[in-house]
Amino acid sequence: THPFPAALVDRARRLRTRVCAAGVTKYGPETGRMIDLPAGRRTVLAVGQVDDDLSVQLGGAGVDGNLDFLARVRRAEPDAWIIYRPHPDVQAGHRKGHLSDAAVLAHADVIDTGAPLMELVQTVDEVHVLSSLTGFEALMRGCRVTVHGMPFYAGWGLTRDLAKPLARRGRQLDVDQLVAGALILYPRYLDPVTGLPCGPELMVDRMASGSTPPMT
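Note that the structure is predicted; figures quoted are calculated from it, not measured.

### Concerning the nonpolar core
A general tendency of soluble globular proteins is for nonpolar side chains to be buried together. Residues Leu 45, Leu 120, Val 121, Val 127, Val 129, Phe 136 and Tyr 153 are the most contacted members of the largest nonpolar core, which totals 41 residues. Secondary-structure elements contributing two or more residues to this core are helix H1 (6-22), strand S1 (43-47), strand S2 (81-85), helix H6 (117-123), strand S4 (126-129), helix H7 (133-140), strand S5 (145-147) and helix H8 (175-185). If one sorts the elements of this core by residue count, H8 sits on top with six residues. When near neighbours in sequence (up to four residues on either side) are disregarded, Val 127 contacts Leu 45, Val 47, Val 121, Ala 138, Arg 144, Val 145 and Thr 146.

Structural data, given as structure tokens:
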């Protein structure tokens, strides 16, 4: 319901550009080798999550974990070459949601754990998520996103939504209005260096420069 005056939307556009140019992402500095994608095939990235994460439990729209999600991706994309990307905490054995290779490959064509995620997101034809923040980061980079749950960035006309829509999200937003709401209006930031309140632009600069102190 919040208004989005032109000055706020312009600030959000500049912030989004800054985030993408600096390579700032939830998943930290990206290393690893990009995987080879097949020529002439539609390619889809399916992003796994932690099964008992609250964003899955409350925003998953009834999808029952990673295996159910993958099966739904295959039904939605029967002819695509599907890359499954497991959540790093699940892959490390720290959180719930691990799938055997055989279970994954019953629906996907390949499992990837090492490609730079944002490069992969921007290379495939479409990104499928349940409620992962990868979907929001993909939208910020101009990518096509299909959502099987109902996270905060779905239901505004920016994503292909396969879950039942929420009535309170009937409003249409553009990506910079969404960024304004999600990264400027809603959060409160503390500069990790000074401990003082700051804006998201300074936070992006801190993260991009590596000047944020380690978490304790």
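What follows picks up the thread again.
### Considerations on the packing of H7 against H8
The packing of two helices is summarised by the inter-axis angle and the distance between the axes. It is at 10 Å that the axes of H7 and H8 come closest, and there the two elements cross at 130 degrees. Judged on the interaxial angle alone, H8 and H7 are oblique. For the element pair H7 and H8, the recorded crossing hand is left-handed. Of the residues in H8, those in contact with Phe 136, Leu 139 and Met 140 of H7 are Val 175, Leu 178, Val 179, Ala 182 and Leu 183. Taken together, the residues of the contact of H7 with H8 break down into eight nonpolar, no polar and no charged.

### Let's talk about the environment of Tyr 84
In this fold, Tyr 84 is placed in strand S2. What makes Tyr 84 buried here is its relative accessible area of 3%. Along the chain, Tyr 84 and Ile 111 lie 27 residues apart, while their C-alpha atoms are 4.9 Å from each other. Setting aside anything within four residues of it in sequence, one finds Tyr 84 in contact with Ala 46, Gly 48, Asn 66, Leu 70, Leu 99, Val 104, Ala 108, Val 110, Ile 111 and Asp 112.

### Here's the deal with the sheet that holds strand S6 (residues 160-161)
Reading across from one edge, S3-S2-S1-S4-S5-S6 is the order of the six strands in this open sheet, with parallel pairing throughout. The strands lining the two open edges of the sheet, one partner per strand, are strand S3 (110-111) and S6. Judged from the five bridges that link them, S1 and S2 form a sheet pairing that is parallel. Within S2, the position partnered with Val 44 by the bridge is Ile 82. Where helix H3 (residues 65-76) meets the sheet, its contacts fall on S1, S2 and S4, and the angle it forms with S1 comes to roughly 160 degrees. Here H7 sits on the sheet and contacts S1, S4 and S5; the angle it forms with S5, its principal contact strand, is near 150 degrees.

### Some points on the packing of aromatic side chains
The final tally for this structure, using the stated rule, is three aromatic pairs. Pairing Phe 152 with Tyr 153 gives two aromatic rings, centres 5.2 Å apart and planes at 90 degrees, and the pair type is edge-to-face. The exposure class assigned to Phe 152 is partly exposed, which follows from its relative accessible area of 38%. Classification of Tyr 153 by relative accessible area gives buried; the value is 0%. Taken together, the ring pairs in this structure connect Phe 136, Phe 152 and Tyr 153 into an aromatic cluster.

Reading the values: the criteria
Residues numbered from 1 in each chain as written. Predicted model: local features only at pLDDT ≥ 70, side-chain atom pairs only at ≥ 80, totals over all residues. Heavy atoms only, no water. Core = buried A, V, L, I, M, F, W, Y, C linked by side-chain atoms within 4.5 Å. Buried < 20%, exposed > 50% of the residue type's maximum accessible area, 1.4 Å probe, protein only. Helix = DSSP H or I, 4+ residues; strand = E, 2+ residues; numbered from the N terminus. Contact = heavy atoms within 4.5 Å. Axes fitted to C-alpha atoms, helices over the stretch in contact; angles between N-to-C directions. Parallel < 35°, antiparallel > 145°, perpendicular 65-115°, else oblique. Left-handed = near helix turned anticlockwise from the far one by under 90°. Nonpolar A, V, L, I, M, F, W, Y, C, P; charged D, E, K, R; others polar. Pairing = 2+ DSSP bridges. Phe/Tyr/Trp six-rings, centres within 6.5 Å; stacked < 30°, edge-to-face > 60°.

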